[in-house]
Amino acid sequence: MIVVDDAPSQLSESATASARTVEAWAHAYITTRDLHEKLMPAPPPGQWRDEGLVAPLAPGRPRALCVVRKAPRMPRKAGTPAARAKLLHTFLHHELQAAELMAWALLAFPTAPRPFRQGLLAIMEDELRHAAHYRVALADLGVAYGDQPVRDWFWERVPACRSPGSFVATLGLGLEAANLEHTARGGVLLPDLSRRLRGGDEAGALLQEQSGREEVAHVAFGVRWFEAFRGSLRFEDWSAALPPPLSPLLMRGTPVARGARRRAGMSEAFVDALEAWRPRPAA
Ligand SMILES: [Fe+2]
Ligand SMILES: [Fe+2]
């Protein structure tokens, strides 16, 4: 049996539960220092209202998390339970940051179209579910979230995005798209996770498939909205929309997942250019 040991730290209503608008809820979610709430916030309220809330530049961090400036070295293989736990812990923290940054974008771009902002909210829900899957896998190894140091790398970079187009270029078309390449690695790490989560092979397989589809859908969301904001998705426009020092180098894995990227709506020419891109040699 999998035991998840977090109970709400206060008896009073949580910050996300007491928020009356989506904007206040997003702000409460980013800034909360309550681990339970960070992993399982109350559902967002139905009402939207621009309350002039400023998007926080850094997230609240529960005391259980030790945030470091330099991430510990990642194991190259998941051969031992300790290495597996290290990787899973890192992936969990990536999912959490992705969820938080969806909430950040919702606040940072208050004049962006409502369907775009609603889409951010829906992706956030997916990311929290993915984080929960990793947490279950970690618990199975006897490791809790917070047992290893974490680095807020996404937070160090993404808030430099000055427009919703730059945001989708960086997250959906950049970091999340690179995840399509890393998914195979995740599949090796979590061969039986889905089955245990659902209690049956068939349902477990469905869950795994669903997660894969969701990641492709997140990238597709990036494609659709980049095109809406910038007219089309051309490789040069995309790379120019990345806030420095980010470059396409960090936004792809090896080998490039051509099929998944094409399913997400990237053109053949875009994927070719991404594959062929090389950093300029220093002058
Ligand atoms: Fe995810
Ligand atoms: Fe995602």
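Keep in mind the model is a prediction, meaning the values are calculated, not measured. (Residues numbered from 1 in each chain as written. Chains lettered and ligands numbered in written order. Predicted model: local features only at pLDDT ≥ 70, side-chain atom pairs only at ≥ 80, totals over all residues. Heavy atoms only, no water.)

Trainee: Hey, could you go over the overall build of the protein for me, with residue numbers and the actual values?
Mentor: Counting its secondary structure elements, the protein contains twelve helices and zero strands. Taken from the N to the C terminus, the helices and strands of the protein come in the order α-α-α-α-α-α-α-α-α-α-α-α. Counting across all 283 residues of the protein, residues that qualify as buried make up 49%. Accessible area for the protein stands at about 14,000 Å²; split by element, carbon and sulfur atoms hold 55% of it. (Helix = DSSP H or I, 4+ residues; strand = E, 2+ residues; numbered from the N terminus. Buried < 20%, exposed > 50% of the residue type's maximum accessible area, 1.4 Å probe, protein only. Areas by Shrake-Rupley, 256 points an atom, 1.4 Å probe, with all protein chains shown as cover.)

Trainee: Provide a residue-level description of the confidence of the model for the protein, including the pertinent values.
Mentor: Caution is warranted with low-pLDDT regions, since their predicted coordinates should not be read in detail. Looking at the protein, pLDDT values average 87 and 85% of them are 70 or higher. Every residue in residues 1-11 is under pLDDT 50, and counting partners more than four places away or in other chains gives 14 contacts. Residue range residues 194-201 is modelled with pLDDT below 50. Its contacts to residues more than four positions away, or to other chains, number 18 contacts. (pLDDT = per-residue confidence, 0-100. Contact = heavy atoms within 4.5 Å.)

Trainee: An account of the coordination of the iron ion (ligand 1) is requested, with residue identities and associated values reported.
Mentor: Surrounding the iron ion (ligand 1) are the protein donor atoms Glu95 (OE), Glu127 (OE), His130 (ND1) and Glu215 (OE), at 2.1 to 2.3 Å. Classification of the site at the iron ion (ligand 1) as irregular follows from its four donor atoms and the range of 81 to 153 degrees in their angles at the metal. The metal-metal distance between the iron ion (ligand 1) and the iron ion (ligand 2) comes to 3.4 Å, with Glu127 coordinating both. One end of the pair is Glu127 and the other is His130, both in helix H5 (residues 114-140) and three residues apart, which spans about a single turn. (Donors = N, O, S within 2.8 Å, 3.2 Å for Na, K, Ca; no water. Tetrahedral: all angles 85-135°; square planar, octahedral: opposite > 155°, others 65-115°.)

Trainee: Before we move on, can you summarise the packing of aromatic side chains with the specific residues and values?
Mentor: Each aromatic ring pair is described using two quantities: the centre-to-centre distance and the angle formed by the ring planes. Summed over all chains, the structure comprises 14 aromatic pairs. An angle of 85 degrees between the planes, with centres 5.2 Å apart, marks the rings of Phe116 and Phe229 as edge-to-face. One end of the pair, Phe116, is in helix H5; the other, Phe229, is in helix H9 (residues 201-230), and 113 residues separate them in sequence. With 5.5 Å between their ring centres and 55 degrees between their planes, Phe235 and Trp238 make a pair best called tilted. One end of the pair is Phe235 and the other is Trp238, both in helix H10 (residues 235-240) and three residues apart, which spans about a single turn. With a relative accessible area of 9%, Phe235 lands in the buried category. (Phe/Tyr/Trp six-rings, centres within 6.5 Å; stacked < 30°, edge-to-face > 60°.)

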